[in-house]
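# Structural features, examined
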Amino acid sequence: QVQLVESGGGLVQAGGSLRLSCTASTSIFNIVRFNTLGWYRQAPGKQRELVARITLGGPTNYGDSVKGRFTISTDNAKNTMYLQMTNLKPEDTAVYYCSVYARNGAPYWGQGTQVTVSS
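Residues numbered from 1 in each chain as written. Predicted model: local features only at pLDDT ≥ 70, side-chain atom pairs only at ≥ 80, totals over all residues. Heavy atoms only, no water.

### Points about the pairing of strand β8 (residues 80-85)
With respect to burial, β8 is a largely interior element, 5 of its 6 residues being buried. Relative to β8, strand β3 (residues 18-24) runs antiparallel, the two being bridged by 6 bridges. In the strand pairing of β8, T23 is matched with T80. Where strand β7 (residues 70-75) and β8 come together, 6 bridges link them in antiparallel fashion. Among the inter-strand pairings, I72 is bridged to a residue of β8, identified as L83. Counted between consecutive antiparallel strands, the loop separating β7 from β8 contains 4 residues, among which N79 sits at a positive phi close to 50°. (Buried < 20%, exposed > 50% of the residue type's maximum accessible area, 1.4 Å probe, protein only. Helix = DSSP H or I, 4+ residues; strand = E, 2+ residues; numbered from the N terminus. Pairing = 2+ DSSP bridges.)

See the structure below:
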């Protein structure tokens, strides 16, 4: 089992920045156990969508709408991944979830953190 705890959400004006954090209960950078780490978001009435994802030992991918504005990063020593969000837009308003997928396909999700961008 892996527990993921997000923090850092809040209310920000358009053009502003926020940094989300996701701390895991175990090392999620073990390439033998885990496949991908990432951030997803879900706005009201919409499907959950990919924001940013790291494939361990592979590429980093971003959703088209956040490329150039958001950056995913990790701190292996702290079992933590981050999502730095800049130039935020009202359409970025959503609940943001961190996620880890194990090699056996098992998904683990955080509880979500609300990001609200006012115009």
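### Examining the nonpolar core
Within the largest apolar cluster, 32 residues are counted, with the highest numbers of intra-cluster contacts made by L4, W39, V51, F70, L83, M85 and Y96. Taken together, the elements giving at least two residues each to this core come down to β3, β4 (34-42), β5 (49-55), β7, β8, β9 (94-102) and β11 (113-118). If near-sequence neighbours (up to four positions away) are discounted, Y96 is found in contact with E6, L20, Y40, R41, V51, F70, L83, M85, G112, T113 and V115. (Core = buried A, V, L, I, M, F, W, Y, C linked by side-chain atoms within 4.5 Å. Contact = heavy atoms within 4.5 Å.)

### Some thoughts on unusual backbone geometry
With the exception of glycine, most residues fall at negative phi, and the peptide bonds are largely trans. The backbone of N79 sits at a positive phi, close to 50°, despite the residue not being glycine. With respect to the helices and strands, N79 occurs in the loop between β7 and β8. Here N87, not a glycine, exhibits a phi torsion of approximately 45°, which is positive. Here N87 is to be found in the loop between β8 and β9. Judged by relative accessible area, N87 falls into the partly exposed class, the value being 41%.

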